[in-house]
Amino acid sequence: MSSSELPEWMETDLQQIREAGLFRSRRTFQPQPGGRCLLEGCELINFSSNDYLDLAQDPRLVSAASEVLTELGVGARASALVSGRTSWHTRLEEQLAEFEGTEAALLFPSGYAANLGVISAVARDEDTIFCDRLNHASLIDGCRLSGARFRVYRHDALEKLKRELAKSTGAGRKFIVTDSVFSMDGISAPLPDLCELADEFGASLIIDEAHGTGVYGAHGRGLAEELGVEDRVSIRIGTLSKAVGCLGGFVAGSSTLIDWLWNRVRTQIYSTALPPLICAAACAALKVIQTEPERRTRLQELSQYLRSGLRERPHLTVPDSRGPIMPVVLSDPALTMQVASDLQEAGFLVGAIRPPTVPQGTSRLRISLTCAHQREDLEQFLKALDGSLARNGQSR
C-alpha cells in the first residue's frame, strides 16, 4: 500500500465512525479554579475532571513546581536509567513508599505506561491472566501484550472466575488483574473476595488504584487500604495524574519487586523520566493528602448528595457506586451526545462516553466531582439534566 492510498481508506473509516455517532472531535480547554473550566472562551462547571481533591491548581503545588522549574528547567533530558533521575525523582519515590507503607516505589511517565509495562513484564507465555471486563484499556493492553493466556471475568460473577482458576493447571503462574475502582462505572472491585480466590488458587493479585489513590482509605492510599487488604495484594499500581493533581504513574512494593521492575520494565527503561518540576509538585500534593483529610470527607459528602439526587429519578439508570464517579447510562450514543450538548448550553461540562470506551448499548454521561464543587452546582445540574431529558423524551 502506497502513502497515496492512505487518505481514501482512512476517510471511509472516518465516515463509518461518523455514521455510528462515534466521531471524536478535538476541543481546547482551560482549567479554572473552583471546579470550573473554559471551553472555547465559555466558562462551564466542570463535571468531567479527575482532579478529585482540587490539587492541580493548588498554590502549594504551583509554588513547588515553579521553584524547581527555575532551578532545573523543564524536561528531565533522559530516561531515569541513564541520567534523568534527579534528586526530586528520588525524593518522590521515597515519599511514595512512605505514603504507601512499602519498602520502595518506582515512578513511570504515566499510569498507562505503568500498567502496560508492569503486566507485560511479569506475565509470560506459559502464564494465565484473569482480567475484569471493566478494566481500563491500559490494563487490558498490558495483559494482551504479555502473551499470556487471556481470560475475562466479571467482578459481579466470581463463580466463573473461581471455575476458571480451578481449571488453570500446569507450570504457568496465575495473575488476577483489576482496577480498584472502575473508571467508567465508579463501581468498586470486590478486593477481599479476589484476595480469597488468589490465596485459594495460588494466584497473584495486581490492582490499579488510579481512581482510588487520594480518595479512599483513612490515609488516602486507596480502596485496598480502606478494605484492609493492602498486604494481600501482590502489586499495587497508582497514578499521580488524578487525585494527586500531577502526572505519572508508580508502583509501590518491596525492594525486590522495585529492583526487578527497574531492570525489566520496558516502558520505564525506555521512556524519558518525568519532569523534575512534576516530582516536586507531587511531593507537595502527597503532603496535602496526608494533612488535609477533610478534602476526602467533603468529596464523599458531595458525591453522596448528587448520587441521592440522581437515584430519586426512577427513569435514570445509575450504577451502584459510591465515590465521585457517577455514570448515567443512556444507551444510545446520539442521545448521549445530545444530552451532553444540552448540559453544555446550560453551563455544565460532562463527559459523553461511547463505544469502544464502554460496551455497545451502554453509552453514558460520566459525571465526576471534585471537592471544589458547591452544593448549588449540583442542584443546578440536576435541574438542567431534568430539562434535557424531558426535551428528549426521556423523563419517564
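What you see is a predicted model, and the numbers here were worked out from it, not measured in a lab. Note on numbering: residues in each chain are counted from 1, in written sequence order. Selection of residues for local features in this predicted model requires a pLDDT of at least 70, selection of side-chain atom pairs for listing and counting requires 80 or more, and totals for whole chains, interfaces and linings are taken over all residues. In computing side-chain values, all of the structure's heavy atoms are included and hydrogens and water are not.

Draft legend 1. Spotlight on the UniProt feature "modified residue: N6-(pyridoxal phosphate)lysine" (unreviewed entry) in the protein. Under the UniProt annotation, "modified residue: N6-(pyridoxal phosphate)lysine" (unreviewed entry) lies at K242. On the basis of relative accessibility, which here comes to 16%, the residue K242 falls in the buried class. Only heavy atoms matter for contacts: two residues are in contact if any of them lie within 4.5 Å across the pair. If we skip the residues at most four places from it in the chain, K242 touches N50, D51, Y52, A210 and H211. UniProt positions are given in the numbering used here, feature names are shortened, and annotations may be inferred rather than shown by experiment. Exposure is judged per residue with a 1.4 Å probe applied to protein chains only, and the accessible area is read against the type maximum: over 50% gives exposed, under 20% gives buried, and values in between give partly exposed.

Draft legend 2. Examining the sheet that holds strand β11 (residues 325-331) more closely. Between any two strands, at least two bridges found by DSSP are needed for them to pair. In this description a helix means any DSSP run of H or I spanning at least four residues, a strand means any run of E spanning at least two, and both kinds are numbered starting from the N terminus. One open sheet accounts for six strands, arranged β1-β2-β3-β12-β13-β11; its pairing is mixed. Sheet topology places β1 (29-32) and β11 at the edges, where each strand pairs with a single neighbour. With direction set aside, neighbouring strand axes in the sheet form an average angle of 35 degrees. With three bridges connecting them, strand β12 (residues 348-353) and strand β13 (residues 363-368) associate as antiparallel partners. Bridged to G351 within β13 is R366. In this analysis, axes come from line fits to C-alpha atoms, helices being fitted only over the stretch in contact, and the angle between any two N-to-C directions falls in the range 0 to 180 degrees. Seen against the sheet, helix α14 (residues 333-345) touches β2 (36-39), β3 (42-47), β11, β12 and β13 and runs at an angle of roughly 170 degrees to β12.

Draft legend 3. Structural context of helix α6 (residues 137-146). When α6 is considered as a whole, its buried residues turn out to be S138, L139, I140, G142, C143 and S146. On its buried face, α6 sits against α5 (111-122), β5 (128-132), β6 (149-153), β7 (174-179) and β8 (204-208). Following α6 by one or two positions, G147 adopts a phi angle in the positive range, close to 85 degrees.

Draft legend 4. Examining the pattern of salt bridges more closely. The salt bridge criterion pairs a side-chain nitrogen of Lys or Arg with a carboxyl oxygen of Asp or Glu, the two atoms within 4 Å. Taken as a whole and assessed by the stated rule, the structure comprises 21 salt bridges. Between E93 and R85 there is a salt bridge, and its shortest N-O distance comes to 2.5 Å. Under the relative-accessibility criterion, R85 is labelled partly exposed at 37%. Here R313 and D386 are joined by a salt bridge, their closest N and O atoms 2.7 Å apart. Remark: D386 occurs in helix α15 (residues 375-391) and R313 occurs in the loop between α13 (294-311) and β11; sequence separation between them is 73 residues. Here the salt bridges do not stand alone but share partners, grouping E100, R221, E225, E230 and R236 into one network.

Draft legend 5. View of the side chain of Q268. Note that Q268 resides in helix α11 (residues 266-269). Non-local contacts of Q268, meaning those with residues more than four positions away in its chain, are made with A80, L106, L107, F108 and W262.

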